[in-house]
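Next come the chains, spelled out residue by residue.
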Amino acid sequence: MRRLPPLTAIEAFVQVARTGSVKAAAQELALSAPALSRRIQALERFIGKPLFERRHQAVALNSDGERLLQQIAPVLDRLTDAVEFMTSGVEVLRLRLGVLPLFASQRIFPHLAELRAKHPQIHLDIDTAGHNMARVGDGLDAAITIARDPDPSLYSKRLDRNKVYVIGARTLIEGPNPITRPEQVAGLTALIHRDMPDTFNAWRHAAGLDELEPLAIDHFDSGALMLEAAAQGLGIAFMHESHFDEAHDPRLVKLFDIEVASPYSYWFVCRPRAMQQRQVKWFHDWLVEVLGA
């Protein structure tokens, strides 16, 4: 058998790579920072080259470190799952899933009991941090992301096709000066998600108002907070038809009767070889069935 570096050194390397901090990684592994640094140095001596660029109070993978992480992180995750299975006495297939909070709350969580009944072995680790497509294969087994087009190097499955809705508070159409014409958007604040920056442009083009500018544009990274801000009359949200329909919020209404195809879709993405893992394939197939994608 070929000689391997200590598993503790590999574990330390992966943890530092994922956190970008020796201090944070040491806390996760219940080690002192010097002890963790010695493990990293031992791995670098074994390989014969540095794996990180050292910066003030932070570290970042260099090109060799990136290549090594891509190769060993999935293997280490599978090893962790295997040990968990052997020690728990039941088969556990853990899926590390990146997903936007609004999609999770509206489209996944109402059906999770069905997933558990169909595949009781699958356990989800939910990660709602941003930029999840970039982290697939590095801490995430799969992600549900919203994008125009996914990374072509990934396996991808489109989960929906949607329309852009202008969503506002019901008081906007019931007050003394109701909002009934698209031109009136010029006097309102537009609420736009950072992952969907072109929703407003797509809407105003479809409305034939390419030069229209709102009073202001407020950016959000949370769809749930956008809906709440719209319900409280703080602006009008340019979001998807499904976001409005699934909210079931009587305080909200769709403004204007304009058909606008969204440039964005929700996608399931993972590394192509990840589809060979049972938990990824089973979750993918279940999700596609539930959403009718």
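## Examining the overall build of the chain
Regarding its fold elements, the chain presents 11 helices and 12 strands. When the backbone C-alpha atoms are referred to their principal axes, the chain occupies close to 80 × 45 × 30 Å. The proportion of buried residues among the 293 residues of the chain is 45%. The contacts of the chain with a sequence gap of at least 6 include a subset with a gap of at least 24, amounting to 74%. Summing over all exposed atoms, the chain offers an accessible surface of approximately 15,400 Å²; the carbon and sulfur share of this is 52%. The centroid of the 33 positive side-chain charges in the chain is displaced by 9 Å from the centroid of its 36 negative side-chain charges.

## Comments concerning the side chain of Thr199
As for its placement among the helices and strands, Thr199 is situated in helix 8 (residues 199–206). You can call Thr199 buried: its relative accessible area is 0%. Not counting residues within four places of it along the chain, the set of residues in contact with Thr199 comprises Val164, Ile192, Phe238 and Tyr264.

## A few points about a nonpolar patch on the surface
Side chains of Leu7, Leu79 and Val83 sit close together on the surface and give an oily, nonpolar patch of about 250 Å² of accessible area. As for its position among the elements, Val83 is in helix 4 (residues 63–88). A relative accessible area of 46% means that Val83 is categorised as partly exposed.

## Examining the sheet that holds strand 4 (residues 122–127)
With mixed pairing, five strands are arranged side by side in an open sheet as 4-3-5-12-6. Taken across any chain shown, the strands that pair with only one partner, and hence form the sheet edges, are strand 4 and strand 6 (155–158). Ignoring which end each strand starts from, the neighbouring axes of this sheet average 25° apart. The pairing of strand 3 (residues 93–99) with strand 5 (residues 142–147) spans three bridges and is classified as parallel. Looking at the pairing, Gly98 lines up with Ala143 of strand 5. Strands strand 3, strand 5 and strand 12 (265–270) of the sheet are contacted by helix 5 (residues 101–108), whose axis makes an angle of about 120° with strand 3.

## Looking at the sheet that holds strand 7 (residues 164–169)
What the five strands build is an open sheet, ordered 9-8-10-7-11; its pairing is mixed. Two strands close off the open sheet at either side, each with one partner strand: strand 9 (216–220) and strand 11 (252–255). In this sheet, adjacent strand axes meet at a mean angle of 35° when their direction is disregarded. Two strands pair when backbone bridges link them, and strand 8 (residues 189–193) and strand 9 are joined in this way by five bridges, in the parallel orientation. Bridging across to strand 9, Thr189 finds its partner in Ala216.

## Some details on the pattern of salt bridges
Note on pairing: side chains with opposite charge can pair once their charged atoms come close. Using the criterion set out here, one finds 13 salt bridges in the structure. Between Asp64 and Arg67 there is a salt bridge; the shortest N-O distance is 2.3 Å. Of this pair, Asp64 and Arg67 both sit in helix 4, separated by three residues, roughly a single helical turn. Of the charged contacts in the structure, one is a salt bridge between Arg251 and Asp249, with a shortest N-O distance of 2.8 Å. The class for Arg251 is partly exposed, based on a relative accessible area of 36%. Three or more residues are tied together by salt bridges with common partners; here these are Glu228, Asp249 and Arg251.

Rules and cut-offs
- Residues numbered from 1 in each chain as written.
- Predicted model: local features only at pLDDT ≥ 70, side-chain atom pairs only at ≥ 80, totals over all residues.
- Heavy atoms only, no water.
- Helix = DSSP H or I, 4+ residues; strand = E, 2+ residues; numbered from the N terminus.
- Buried < 20%, exposed > 50% of the residue type's maximum accessible area, 1.4 Å probe, protein only.
- Contact = heavy atoms within 4.5 Å.
- Areas by Shrake-Rupley, 256 points an atom, 1.4 Å probe, with all protein chains shown as cover.
- Lys, Arg positive; Asp, Glu negative; His and termini not counted.
- Charge placed at Lys NZ, Arg CZ, Asp CG, Glu CD.
- Patch = residues over 30% accessible without salt bridge, like charges linked within 9 Å, V, L, I, M, F, W, Y side chains within 5 Å.
- Salt bridge = Lys/Arg side-chain N within 4 Å of Asp/Glu carboxyl O.
- Pairing = 2+ DSSP bridges.
- Axes fitted to C-alpha atoms, helices over the stretch in contact; angles between N-to-C directions.

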